[in-house]
Every structure is written in C-alpha cells, then in structure tokens.
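A structural walkthrough
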Amino acid sequence: MTADPRSAAIDESSWRYPGWRVVAAMFVLATGSFGVSFYGLAVYLVAMHDQHGWPIARIASLYTLYHLVGAGLLVFVGSVIARFGGRIVMVGGLLAMGVAIAAMSLVGAFWQFGLCLFLLALGWACLSTAAITAVLAPRFARRRSLAVGLALNGASFAGLVVVPLMVWILERHGVERGLPMLAAGLLVVLVPVVWIALGPHRPVAPGPGPGASV
C-alpha cells in the first residue's frame, strides 16, 4: 500500500506545524474566556451585591441557572462548530460574552441581571472546553491529547491573571465604567486572536497511524 504523501508531509512533532499556532491561540482564548465567565462569576456576585444591595444568596441562585443553560448548550457546540467552523462560532461567543458583561453595568432590575447571565452562558458554551477540543481535534492526530491539554492550561492561568485584573478594574473604575472596559478589552484582544488563528474552513488532519496516541 502506498502512503498518502500529504500525510507524510505533516509532522505534528515539529513546532513549525501550523496546528501549534492554533493551540497557542486557544490558550489565550481559554485564559480570557474562563477568567471572565467561570472564575469571574464570584467577582460579578460581589459587584452586583455592592451596586444594588441584592442578597448574595439570591444572586447565587441565578448561577445554578447559568450552569444549567451552559451545560445544555454544550451538547450542541461540537456539531455547530463542525457545520459553521470554529472562527464563526467562537467570535459569536465572544460577542455574546462581551455584550453580557457590558450590559451588567446597566441593569436596574434583578431579572435583567438574569438575562445577562443567560447571554453569558451562551457565549461560554461557544468558548468552553468542548468548543476548544472541537476546534483542535481535526488539526491533530498523533498529538491531539497534548494539544488539547496545553490549550486548556489557559483555564488555570486565568485564575492567576484575569481575576485579579477584574478586581483591580472594578475597584478603580466602579461597575458602571469597569464592566464596559472589561468587555471592550476582552473583544479587542480575543477577537483578532481567534479570527487570525482559525481559518474559514475546517482543517482535517491525517488519521492516526499504528500505535498513535490520540
């Protein structure tokens, strides 16, 4: 049997392989998205409590709905990315997330904050572990596990970097100015990263060879 020359030309062990640039982009994306949507929930809780006087237990009850909505949407994210491509889905998720965070500065009623969390959950589903895995899996065969693991290290890094930055911004500028600034920073940094790193078409890596680890 003659080997496919295209498969032979792809060397995933080389750092010059284009897939690793996507891994770097997904690391940056995970840092930002996990920071503002997962770890950041505690920051929003304190901010809304201080701004509106809503009981912490009441605010936290909405977080249960947030996680339920996000978990329900995760079921579909892989198929949506396969159909429309990671670039469209992830940029759409970032826009939803940015709008949700900025809108929190304008809420005057508790139900409005609930709508913001719903929109945040929609964006989170488009940028979650499942979404990142769906983007990276077609680009790797033999180094798929390593690629996904490296990209998702951004989620841990987010707790060290993004959360302290969020707290500093809100303490310095307040909710009304700080949240829109946070949303703008998220979009300015991450939209270009995703748009440049992800091509318009879904790439397909060669199938794993004998003994390959996926």
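Residues numbered from 1 in each chain as written. Predicted model: local features only at pLDDT ≥ 70, side-chain atom pairs only at ≥ 80, totals over all residues. Heavy atoms only, no water.

1. A word on the packing of aromatic side chains
The geometry of an aromatic ring pair is captured by two quantities: the separation of the ring centres and the angle between the planes. Enumeration over the complete set of coordinates arrives at 9 aromatic pairs. For the pair Trp54 and Phe110, a centre-to-centre distance of 5.3 Å together with 90° between the ring planes defines the contact as edge-to-face. Taken together, the residues span a long stretch of sequence, with Trp54 in the loop between helix H2 (19-52) and helix H3 (56-84) and Phe110 in helix H5 (residues 110-125) at a distance of 56 residues. Judged by relative accessible area, which is 14%, Phe110 ranks as buried. Look at Trp54 and Phe113: their rings are 6.1 Å apart centre to centre, the planes differ by 40°, and that puts the pair in the tilted class. A residue pair is termed long-range when its members are at least 10 positions apart, and Trp54 in the loop between H2 and H3 and Phe113 in helix H5 qualify at 59 residues. Here Trp54 matches Phe113 in class, with each residue buried. Within the aromatic cluster, the residues linked to one another by ring pairs are Phe34, Phe38, Tyr39 and Trp124. (Phe/Tyr/Trp six-rings, centres within 6.5 Å; stacked < 30°, edge-to-face > 60°. Helix = DSSP H or I, 4+ residues; strand = E, 2+ residues; numbered from the N terminus. Buried < 20%, exposed > 50% of the residue type's maximum accessible area, 1.4 Å probe, protein only.)

2. Some words on the environment of Gly72
With respect to the helices and strands, the residue Gly72 is situated in helix H3. Relative accessible area serves as the criterion here: at 33%, Gly72 is assigned to the partly exposed category. With 53 residues separating them in the primary sequence, Gly72 and Ala125 have C-alpha atoms 8.7 Å apart.

3. Some thoughts on empty space enclosed by the protein
Throughout the structure, instances matching the rule amount to 2 cavities of 30 Å³ or more. As a volume, the second largest cavity reaches approximately 40 Å³. Forming the boundary of the second largest cavity are Leu62, Leu65, Tyr66, Val69, Gly114, Leu117, Phe118 and Ala121. Those elements that place two or more of their residues in the lining of the second largest cavity are H3 and H5. Of the residues belonging to the lining of the second largest cavity, the class tally is 7 nonpolar, 1 polar and no charged. (1 Å grid on protein atoms, 1.4 Å probe; cavity = no way out; pocket = protein on both sides within 12 Å on 5 of 7 lines; lining within 4 Å. Points joined across faces, edges and corners; volume = space filled by probe spheres on them. Nonpolar A, V, L, I, M, F, W, Y, C, P; charged D, E, K, R; others polar.)

4. Observations concerning the nonpolar core
When a protein is soluble and globular, its nonpolar side chains tend to lie buried together. If you look at the biggest cluster of nonpolar residues, it comprises 64 residues, and the most contacted ones within it are Met26, Tyr44, Met48, Met90, Ile101 and Leu120. Listed by contribution, the elements that provide at least two residues to this core are H2, H3, helix H4 (86-103), H5, helix H6 (129-136) and helix H7 (144-197). With 16 residues, the top contributor of residues to this core is H7. Not counting residues up to four positions away in its chain, the partners in contact with Leu120 are Ser37, Leu41, Tyr44, Tyr66, Met97, Ala100, Ile101 and Met104. (Core = buried A, V, L, I, M, F, W, Y, C linked by side-chain atoms within 4.5 Å. Contact = heavy atoms within 4.5 Å.)

5. Points about the layout of surface pockets
Of the volumes computed, that of the largest pocket is approximately 270 Å³. As for the largest pocket, its lining consists of 14 residues, of which Leu165, Leu182, Gly185, Leu186 and Val189 are closest to the centre. Sorting the residues of the lining of the largest pocket by element identifies H2 and H7 as the ones contributing at least two each. The element that contributes the greatest number of residues to the lining of the largest pocket is H7, accounting for 10 residues. A per-class count over the lining of the largest pocket returns 11 nonpolar, 3 polar and no charged. Empty space within the second largest pocket amounts to approximately 180 Å³. Lining of the second largest pocket is provided by Ala42, Val43, Val46, Ala47, Asp50, Gln51, Val167, Leu170, Glu171 and Val175. Elements supplying a minimum of two residues to the lining of the second largest pocket: H2 and H7. The dominant element in the lining of the second largest pocket, judged by the number of residues it contributes, is H2, at 6 residues.

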